[in-house]
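Spelled out, the chains give:
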Amino acid sequence: MRAARFHRYGGPEELRVEDVPEPHATAGTVRVRVLAAGVNPIDWKLRRGDLRGVVDPPLPLVPGRDAVGVVDEVGEGVDDVTTGDTVFGSAGLGGLSAEHAVLTAWAAPAAGWSVEQAASAGLAMTTAVHALAAVGVLEPGTSAPGPVGRAGGTVLVEGASGSVGAAAVVAAVAAGARVVGTARPENHRVLEELGAVAVAHGPGLAGRVAAVAPEGVAVVLDAAGADLDQLVALVGDPAHVVTVVDPVAAGRLGALVAGGENDVAALRTAAALGERGLYLPRVGRTFPLEEAAAAHRLAEGGFPGGKVVLDLRR
Ligand SMILES: NC(=O)c1ccc[n+]([C@@H]2O[C@H](COP(=O)([O-])OP(=O)(O)OC[C@H]3O[C@@H](n4cnc5c(N)ncnc54)[C@H](OP(=O)(O)O)[C@@H]3O)[C@@H](O)[C@H]2O)c1
């Protein structure tokens, strides 16, 4: 089968589309014929070697943590899907930018999602719900409101126009929280459509947030990694701040860290919010698998207005 993979750390040109052995479903997993695979920051951070010493997967590595596909092999013990079903999901650190991939966590996509949206939905919402649970906006492992959600507390989401940030806005609003989100001004309308109050990110954030949230911010979710010090100072207590980007600063400041482990419950939450028309991931641009290097180059060059997606049907 064809897969995009890299043999050594480096620039997008290290990502090559090659013939590789097909993976097969093992007990508790399914294999899909991939229809589309989302490109997440973890993919190009891994390829660049940014995460060396933190995660050191054996090379060559096929990146890709989000995909939608049609099940074509079902592992022993799996009884919730059958061949021919369409699922979205993930597995480990990568493996999904390929014609076939084995998933360890999956769910049925929302009926209203396009293939590209289904390939963009999993990791972002999984990361968002784990982070929201860490600070009490949701109950852990569910989409039910936690204490902050039940109290209608105010959540500040830094990087709210991005994939994780937008998913967090949707899940927090659905849980009853009031949400203030940061984004550059061109993206404010997007945040407002999701139900957040939008402010610009950058220096002076505390004043802008105080102007729109005089009641004060209960908790902060950092989905940008730009300035955790500023976010902790703004809310006053590092235990009320969670980052999905900057564990080093979190360790220094005493803030919380959350991440997007493969998680069926979170995938189902994503799909349920999609069914309600609340979670409709933004797709930036699609590329055929053969242009995986160009897809990485665009994704890591700055936020292109939505998820970069590899379309395996092209
Ligand atoms: N730990 C995990 O398991 C996990 C999982 C998923 C993602 N992540 C991490 O979470 C981060 C976000 O991922 P993503 O997929 O949401 O990326 P993304 O879609 O590219 O979004 C990044 C967002 O950051 C915002 N941003 C850029 N510069 C900023 C600044 N100076 N201050 C505040 N916000 C700024 C951008 O907003 P504007 O364009 O509006 O400026 C953009 O919306 C990445 O670092 C990623 O590696 C971690």
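Residues numbered from 1 in each chain as written. Predicted model: local features only at pLDDT ≥ 70, side-chain atom pairs only at ≥ 80, totals over all residues. Heavy atoms only, no water.

Looking at an unreviewed UniProt entry, the protein chain carries the name NADPH:quinone reductase-like Zn-dependent oxidoreductase, with the source organism given as Pseudokineococcus lusitanus.

**Some details on the site of the ligand**
So the rule is basically this: Proximity criterion: a residue is near a molecule or strand once any of its heavy atoms comes within 4 Å of it. Whenever a nitrogen or oxygen atom comes within 3.5 Å of another N or O atom, the pair is scored as a polar contact, on the condition that within protein one atom can donate a hydrogen and the other can accept it, and that pairs from neighbouring residues in sequence are kept only if both atoms are in side chains. Each accessible area value is a Shrake-Rupley result obtained with a 1.4 Å probe; residue values ignore everything except the protein chains displayed when judging cover. Think of it as three bins: nonpolar holds Ala, Val, Leu, Ile, Met, Phe, Trp, Tyr, Cys and Pro, charged holds Asp, Glu, Lys and Arg, and polar takes everything else, Gly as well. Annotation comment: domain bounds sourced from an automatic or database domain assignment.
As a matter of local geometry, the ligand sits amid 23 residues, with Lys45, Ser161, Val164, His201 and Gly260 nearest to it. Within the backbone of serine 163, a nitrogen or oxygen atom sits 2.8 Å from an oxygen atom of the ligand. A distance of 2.8 Å separates an oxygen atom of the ligand from a polar atom in the backbone of valine 164. Relative to its unbound accessible area of 920 Å², the ligand is 78% covered by the protein chains. Of the residues in the shell around the ligand, the class split is 11 nonpolar, 9 polar and 3 charged. Each of domain 1 (2-113 + 281-311) and domain 2 (123-257) accounts for three or more of the residues forming the shell around the ligand.

**Description of the nonpolar core**
Stated precisely, the cut-off is as follows: In these notes, a set of buried Ala, Val, Leu, Ile, Met, Phe, Trp, Tyr and Cys residues joined through side-chain atoms within 4.5 Å is what counts as a nonpolar core. Classification of residues uses two cut-offs on accessible area relative to the type maximum, computed with a 1.4 Å probe and protein chains only: under 20% is buried, over 50% is exposed, and between them is partly exposed. Numbered from the N terminus, helices here are DSSP runs of H or I no shorter than four residues, and strands are runs of E no shorter than two.
Core analysis: the largest hydrophobic core is formed by 50 residues, its most contacted members being Phe88, Trp113, Met125, Leu132, Val137 and Tyr279. Secondary-structure elements contributing two or more residues to this core are strand E3 (30-39), strand E4 (66-74), strand E7 (105-107), helix H2 (115-134), strand E8 (154-158), helix H4 (163-174), strand E11 (219-222) and helix H9 (264-275). Residue contributions to this core peak at 9 residues, all from H2. Counting contributing residues, this core receives three or more from each of domain 1 (2-113 + 281-311) and domain 2 (123-257). By size, the runner-up hydrophobic cluster in this structure holds 33 residues, among which are Val39, Phe287, Ala292 and Ala299.

**Here we look at the pattern of salt bridges**
Test applied: Any Lys or Arg side-chain nitrogen located within 4 Å of an Asp or Glu carboxyl oxygen qualifies as a salt bridge.
Throughout the structure, instances matching the rule amount to 19 salt bridges. As a salt-bridge pair, glutamate 73 and arginine 31 come within 3.5 Å of each other at their nearest N and O atoms. On the criterion of sequence distance, the pair formed by glutamate 73 in strand E4 and arginine 31 in strand E3 is long-range, its members being 42 residues apart.

**Re the sheet that holds strand E13 (residues 256-257)**
The pairing of strands in a sheet happens through backbone hydrogen bonds and is either parallel or antiparallel. Using the following cut-off: For two strands to count as paired, DSSP must find a minimum of two bridges between them. In what follows, a contact means two residues having at least one pair of non-hydrogen atoms within 4.5 Å. With axes taken as lines fitted to C-alpha atoms, and helix axes fitted only over the stretch in contact, angles between N-to-C directions fall between 0 and 180 degrees.
What the 6 strands build is an open sheet, ordered E10-E9-E8-E11-E12-E13; its pairing is parallel. Strands with a single pairing partner mark the edges of an open sheet, and in this sheet they are strand E10 (197-199) and E13. Summarising the sheet, strand E12 (residues 241-243) and E13 pair through 2 bridges and their orientation is parallel. For valine 242, the partnering residue across the bridge sits in E13 and is leucine 256. Strands in contact with helix H6 (residues 205-212) are E8, strand E9 (178-182) and E10; relative to E10, the strand with the most contacts, it is inclined by about 155°.

**Focus on the packing of helix H1 (residues 41-48) against helix H10 (residues 292-300)**
To describe two helices that pack against each other, one gives the angle between their axes and the distance between the axes. Rules: For classification purposes, an angle smaller than 35 degrees is called roughly parallel, one larger than 145 roughly antiparallel, one from 65 to 115 roughly perpendicular, and anything else oblique.
Axis separation between H1 and H10 bottoms out at 10 Å; the angle between their running directions is 105°. It follows that H1 is roughly perpendicular to H10 by the angle criterion. Of H10, the residues touching H1 (which contributes Asp43, Trp44, Arg47 and Arg48) are His296, Ala299 and Glu300. Its residues assigned to classes, the contact of H1 with H10 shows 2 nonpolar, 1 polar and 4 charged.

**Some details on the packing of aromatic side chains**
What counts here: Pairing of aromatic side chains requires ring centres within 6.5 Å, counting the rings of Phe and Tyr and the six-membered ring of Trp. Pairs whose planes differ by under 30 degrees are stacked, by over 60 edge-to-face, and all others tilted.
In the structure shown here, the tally under the stated rule is 3 aromatic pairs. Centre to centre, the rings of phenylalanine 6 and tyrosine 9 are 6.3 Å apart; their planes meet at 45°, and the pair counts as tilted. Judged by relative accessible area, which is 1%, phenylalanine 6 ranks as buried. Residue classification places tyrosine 9 among the partly exposed residues on the basis of a relative accessible area of 24%. An angle of 85° between the planes, with centres 5.9 Å apart, marks the rings of tryptophan 113 and tyrosine 279 as edge-to-face.

**Focus: unusual backbone geometry**
A cis amide bond links leucine 59 to the next residue, proline 60, at an omega of 0°. If you trace the backbone, proline 60 turns up in the loop between H1 and E4.

**Re H1**
Ile42, Asp43, Trp44, Leu46 and Arg47 are the residues of H1 that are buried. The first or second residue beyond H1 is glycine 49, which carries a positive phi of 85°.

**Considering the domain arrangement of the protein chain**
Our working definition: When two parts are put together, the accessible area they lose, computed with a 1.4 Å probe and summed over both, is reported as buried area.
Split by domain assignment, the protein chain resolves into domain 1 (2-113 + 281-311) and domain 2 (123-257). Centre-to-centre separation of domain 1 and domain 2, based on C-alpha positions: 27 Å. Taken over both partners, the interface formed by domain 1 and domain 2 buries close to 640 Å², and the fraction arising from carbon and sulfur atoms is 48%. Joining domain 1 to domain 2, the criterion identifies 0 salt bridges. Scanning the region where domain 1 abuts domain 2 turns up 3 residue pairs in polar contact (both at pLDDT 80 or more). Considering only residue class, the side of domain 1 that touches domain 2 consists of 2 nonpolar, 1 polar and 5 charged.

**Re the side chain of glutamate 300**
One can find glutamate 300 in helix H10. Only 3.2 Å separates the side chain of glutamate 300 from the side chain of arginine 48, close enough to count as a polar contact. Here glutamate 300 is in contact with Pro12, Trp44, Arg47 and Arg48, once residues within four sequence places are set aside.

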